[in-house]
Amino acid sequence: MYQHNQYQKGKPQQVAVVGAGVAGLSAALTLKKQGIGVVVFEKGETPGGHLQQWHALFPDREPAAGVLNQLKQEASEQKISLRTQTEVAAVTPSGNKFRIETSQGEQNEFDAVLLATGFQLFDAARKEEYGYGIYQRVITSAGLEQRLGHGGTGLTVNGRPPHRVAFVHCVGSRDEKVGNHYCSKVCCVTGVKQAITVKERYPQCEVLNFYMDLRMFGTGYEELYREAQEKWGVMFIRGRVSEASQMHDGTIQLKAEDTLMGRPVRATVDWLVLLVGMEPEKRAQQWARSLGLQTGQAGFFSSPEKFLHPSLTAVNGIFTAGACTGPASIPESVNQGRAAALSVLEFLAEKDEAGK
Amino acid sequence: MNLSDHPFFVWPFVAGMAFLCIYLPAVYLKWLRKTSIRDRKKISAAIFSAKTIRAIREIFSECLLHRRIFRFNPTLGYMHMSLAFGWFLLIVVGKTETMLYTRDGFNPPYLPVFFKYFYPDHIPANFKGLFFLTLMDLLLLFVLSGLTLAIFKRFKSKFLGMKKTTRHILPDRIALTFLWLIFPLRWLAESLTSGVYNAGGFFTLSSGRALASLLPAEQLLLPAWWAYSIALGGFFVALPFSRYMHIFTEAALILLKHWGVKTTKRENGYTDFEIHSCSRCGICANVCQLSTDAEINHSQAVYFLRDLRYNRLQPDTAENCLFCGRCSAACPVDIQVDDIRLQQRTARANRCAPAIRRPASQLPGTPEPGSILYFAGCMTHLTPSIKEAIRTILNRADVKFSILDEAGGICCGRPAMQAGFRQQAESIIQQTTEMILRSEASLLLVSCPICYKVFNEEYQLPIPVKHHSVFFKELAAAKPGLFKNSRKRITFHDSCELGRGSGIYEEPRELLCRVAHLVPTAHEREDALCCGGSLANLAISPAQRDLITDTAYEQLIAPAPDYVVTSCPMCKKTFSKGKRDIPVVDIAEALQMALTPEEKPVRVKVGKRAEVLV
Amino acid sequence: MKPANDKWGFRAEGSEQINLDKADSSLYRRLLNREPGFAVCLFCGSCRATCTSGNEGMNFRLAHLLLQRGETARLKSLTDPCLLCGKCTLVCPRNVNIRAVVYNLKIMLHEPF
């Protein structure tokens, strides 16, 4: 255990964590347990970030609420200082510290800053041809999680269960037409997981997944794909959906190509679910410019030493963790949060040494 | 006069002029032979009518005064005018002076040109003589001032409003050199003569005296006249093979135009007149967005026409054009270069695409006879909010309609036509016409200007065709309570096909003023910028298109509107590519937002769109 | 002793097998020269899915695939129905200038050199 709290007349070093998502909270917990003063700034009303919107987590459909509550409980046990509904307005270097101004008008100085600003989902309305925002029964993966979660309205149509649901992979990712060339990594496994969840809820419902590639990169993911085919009868069609239009009764008719068959395909579905990708959170770009942080072409933060020290940034004392560095799953974000916390600890120790 | 009376130095001039007098009519006759019988009938009918007088008026205002170039840039206009009008006046005034002086209506043609040589010590005895002497010197100064500007333009074209000057090739350079030498040499020859004989106009006399004091003027006298004559003769010989062919051909073109001859689908004699009327002034290249935004500098109208004329046209030159019409709108000679480009594309590509024969089955349900038929078009399928908005408005207004292409699979045929696949396009037109006629509709409504243009110009439909901006303007006037003014601040983008292509500028504006607060932008109506999406360009890369799109978008959001309104689904899709802070919507969507609230259609608003559509 | 004849044996006729050794990719290379951008196609099928003539045999994805594999026999029937409407180019996620490729392909199929 680092004995920082013994130096500087007993006052512990202070770290600001921006974002109370899974990465931010994990990092805050690690730091607090090592005796560092931590303040977490969160622009939303409650902590947990996007985890609050999910219903079941891949690959095993673990209830998201359980993971979220565990995290929140630990945070309250450790008495993490959490400022919700507080957006960080500016981060400015000030001597060998950083001054943070918030939307509430506060200004405080910190020895280090950890950015865990996370991501935002691609606005599916930008792919106008899919009809999101125009037709009622075109929803996103996030929308589906809400419907299938507690208090959600489910997928019933006029009181009856849905006959057929289609998933479209790669919405807003790998697409030059919306300016996002990269793969958002986690949407494929989300699509497979959600396909199974829909089948679990509505066993009579036919589920179609339209994909370009199936990127099942993590442990248990490929097995999930197999389970979807074997146990649940999900139909996977390799080919893109080009357009969706609405029938008189509200059902959605879609056009796609079945590339493996080499023929065009048409289907009428009750619900069209768009698997939207992750984009860097808006503010992140602005700070990057004003602070001189490096971002990759996609706009996510990047490290000058990406193999051995991925949490670093171009500015000494500012660190990154979680989805703000690129699309990531929850375990990856948690790991990054902890790793970044360790980098912060090393940094603070050096600073302390230099100060003596 | 005997042959021996004519000094030898006039021969280059005479030979050149004789060459022109034989060559020009011969080549014009050759081209006229290529016109159709119908065109020749038109010519013979109109030649002795008021049309000829109107033509002569235009010849005067454009070939001599270059009024259109003045509109583009006054300094540039002055430059072109001084050379053209100045030289014209020198000839006319000079001829008049010679006739009056020799009291003889018939002089050899070279006499006015070399007047000062033959009558070097002519001191005017009366006001009339002094008037002509002064006037000729003034005109020479006038021309020389323009020449100075022309030389200056080669180095600093920006001062004359040109971002780039035309890149010239050898025939042009030769003719240009001769042309630029003519007037300085005239000045030199006249000045030396004035200096030696101590008699002349205010300008030539003073410069002549100066020259005579510095140079052996007497010895240089004849060489100077030789040089002047050679410059003239050389220019005349080079003229028909260079850009200066426009001097005479433009006049002929204006006559033919007024007499009713037009460009057609296939090359004919009129095309030859058009091609040779291009003076390579380069104004088209200056307004072309491929050049200003995307660094594409080889396919502009000037280079296309030049390459076509000298038989060195590369496919890419004909293919890399947005067909936006900005060049034709700015052209001082009013050459319809898009039509010529289409001729070339058709000649190359027509046989490469066979006619389409596609059986079409009718969708279930029958349309009401006399109702409106709405043709959404290929592009609208990718922007379904336009289709839905039109559907909503028509339903609210109790207008009976049916949608022709709900299932896709049909096209208006214009993109194929613009690529040069004429026979394929004609077969598409035939089949789509059949489908339209079978619906027994009373009116064809389209939401895409690309479709509108072809329905209007190529289809021979017995029913009227209206673009939705025009239709809704009439609807709003007929049902005043239907829309309210949302007071949103908007800018309007004139799409190329609706604006320059079909001449519809005011109806969308009148309609939009009813429902929002329309603010002007820097480029409007005939001067509007192209969104870059054009289907007509077969060679440009997506990255280059984006440069054009971004520039056009920047200019549309400069007045900080709440949103940008377009009249074309292709423009909307093109502008919406990438992240746009200020949304781009179609006129139909803007109207939908302005429907009076009582029976507002139920729509689920999800995501960010909610902020826009309230 | 004479060596065994190692060229003897049976071979089944009429194989569906794509023989990359014998594939003629000259047309493909000519097209790539004219329009280098289309090498990034991932055969996702967006183009054919949105194609106005997609139900009438037009299939850019398949045409591209056959070009790559050197099987040019079916190319004419796969590209003749194209109306050049441009929807494919507007939806391609890899920004391929599909319309330009098809236009050039149509011309190359008719011009022998």
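To be clear, the structure that these remarks concern was listed above.
Here we summarise the structure given alongside this text.

Procedures and definitions
Residues numbered from 1 in each chain as written. Chains lettered and ligands numbered in written order. Predicted model: local features only at pLDDT ≥ 70, side-chain atom pairs only at ≥ 80, totals over all residues. Heavy atoms only, no water. Helix = DSSP H or I, 4+ residues; strand = E, 2+ residues; numbered from the N terminus. Buried < 20%, exposed > 50% of the residue type's maximum accessible area, 1.4 Å probe, protein only. Contact = heavy atoms within 4.5 Å. Areas by Shrake-Rupley, 256 points an atom, 1.4 Å probe, with all protein chains shown as cover. Lys, Arg positive; Asp, Glu negative; His and termini not counted. Charge placed at Lys NZ, Arg CZ, Asp CG, Glu CD. Expected span 1.5 Å × (residues − 1). Arc of directions from axis to C-beta. Buried area = accessible area lost by both parts, 1.4 Å probe. Salt bridge = Lys/Arg side-chain N within 4 Å of Asp/Glu carboxyl O. Nonpolar A, V, L, I, M, F, W, Y, C, P; charged D, E, K, R; others polar. Polar contact = N/O pair within 3.5 Å; in protein donor to acceptor, adjacent residues only side chain to side chain. Pairing = 2+ DSSP bridges. Axes fitted to C-alpha atoms, helices over the stretch in contact; angles between N-to-C directions. Core = buried A, V, L, I, M, F, W, Y, C linked by side-chain atoms within 4.5 Å. Domains from an automatic or database assignment.

Quick word on the overall build of chain B
So, step 1. For chain B, the count of helices and strands is 30 helices and 8 strands.
So, step 2. For chain B, the spread of C-alpha atoms along the principal axes amounts to about 95 × 50 × 45 Å.
So, step 3. The burial tally for chain B puts 58% of its 614 residues in the buried class.
So, step 4. Sequence-distant contacts, at least 24 apart, represent 73% of the contacts inside chain B between residues at least 6 apart.
So, step 5. By element, 61% of the accessible surface of chain B is carried by carbon and sulfur atoms, the whole surface being about 26300 Å².
So, step 6. Charged side chains in chain B number 73 positive and 52 negative. The centres of these two groups are separated by 1 Å.

Structural notes on helix H27 (residues 542-557) of chain B
Residue and element names in this part refer to chain B.
So, step 1. Over its 16 residues, H27 extends 22 Å from the first C-alpha to the last, a length consistent with the 22 Å expected when each residue adds 1.5 Å.
So, step 2. Of the residues making up H27, those classed as buried are Pro542, Arg545, Ile548, Thr549, Ala552, Tyr553, Gln555 and Leu556. Buried positions in H27, seen along its axis, are confined to an arc of 160° and lie on one side of it.
So, step 3. On the buried face of H27, the contacting elements are helix H15 (289-294), strand S5 (489-493), strand S7 (563-566), helix H28 (569-576) and strand S8 (584-586).

Digging into the interface of chain C and chain B
So, step 1. Each side of the interface is counted separately: chain C has 25 residues, and chain B has 32 residues.
So, step 2. Summing both sides of the interface, chain C and chain B together bury roughly 2500 Å²; the carbon and sulfur share of this comes to 59%.
So, step 3. Looking only at chain C, the three residues that lose the most surface to chain B are Leu83, Leu90 and Tyr103 of chain C, adding up to 26% of its buried area.
So, step 4. For the interface between chain C and chain B, the tally reads 2 salt bridges.
So, step 5. Of the charged contacts in the structure, one is a salt bridge between Arg34 of chain C and Glu319 of chain B, with a shortest N-O distance of 2.9 Å.

Comments concerning the pattern of salt bridges
Residue and element names in this part refer to chain B.
So, step 1. Applying the stated criterion across every chain yields a total of 54 salt bridges over all chains.
So, step 2. For Lys34, the salt bridge is made with Asp272, and the minimal N-O distance between the two is 2.8 Å. Separated by 238 residues along the polypeptide, Lys34 in the loop between helix H1 (10-33) and helix H2 (37-46) and Asp272 in helix H13 (residues 269-277) bring together distant segments of the chain.
So, step 3. Salt-bridge contacts for Arg414 lead to Glu497; the nearest nitrogen and oxygen are separated by 2.2 Å.

Considerations on the interface of chain A and chain C
So, step 1. Every contact between the two is made by 18 residues of chain A and, on the other side, 21 residues of chain C.
So, step 2. Here chain A and chain C share an interface that buries about 1500 Å² over both sides, 43% of which is from carbon and sulfur atoms.
So, step 3. On the chain A side of the interface with chain C, the three residues burying the most area are Lys177, Arg240 and Glu257 of chain A, jointly 33% of the side's total.
So, step 4. One salt bridge connects Glu257 of chain A with Arg61 of chain C, and the closest N-O pair in it is separated by 2.8 Å.
So, step 5. Taken together, the elements giving at least two residues each to the side of chain A that touches chain C come down to strand S15 (241-246), strand S16 (252-258) and strand S17 (263-269) of chain A.
So, step 6. Here the element with the most residues in the side of chain A that touches chain C is S16 of chain A; it accounts for 3 residues.
So, step 7. Among the residues forming the side of chain A that touches chain C, the class breakdown is 3 nonpolar, 4 polar and 11 charged.

Considerations on the side chain of Ser534 of chain B
Residues and elements named next belong to chain B.
So, step 1. Tracing the backbone through its elements, the reader meets Ser534 in the loop between strand S6 (517-518) and H27.
So, step 2. A polar atom in the side chain of Ser534 sits 2.8 Å from the backbone oxygen of Leu322.
So, step 3. A polar contact of 3.4 Å, which involves the side chain of Ser534, links it to the backbone nitrogen of Asn537.

Digging into the sheet that holds S8 of chain B
Residues and elements named next belong to chain B.
So, step 1. Reading across from one edge, S6-S5-S7-S8 is the order of the 4 strands in this open sheet, with parallel pairing throughout. Taken across any chain shown, the strands that pair with only one partner, and hence form the sheet edges, are S6 and S8.
So, step 2. Contacting S5, S7 and S8, H27 runs over the sheet at an angle of about 145° to S5.
So, step 3. Contacting S5, S7 and S8, H28 runs over the sheet at an angle of about 165° to S8.

Looking at the nonpolar core
A general tendency of soluble globular proteins is for nonpolar side chains to be buried together.
Residues and elements named next belong to chain B.
So, step 1. Core analysis: the largest hydrophobic core is formed by 84 residues, its most contacted members being Phe421, Leu444 and Phe455.
So, step 2. Mapped onto the domain boundaries, this core takes at least three residues apiece from domain 2 (372-474) and domain 3 (475-593).
So, step 3. In terms of nonpolar packing, the next biggest core, distinct from the first, is built from 75 residues, Leu144, Ala189, Trp259 and Cys278 among them.

By themselves these figures say nothing about function.
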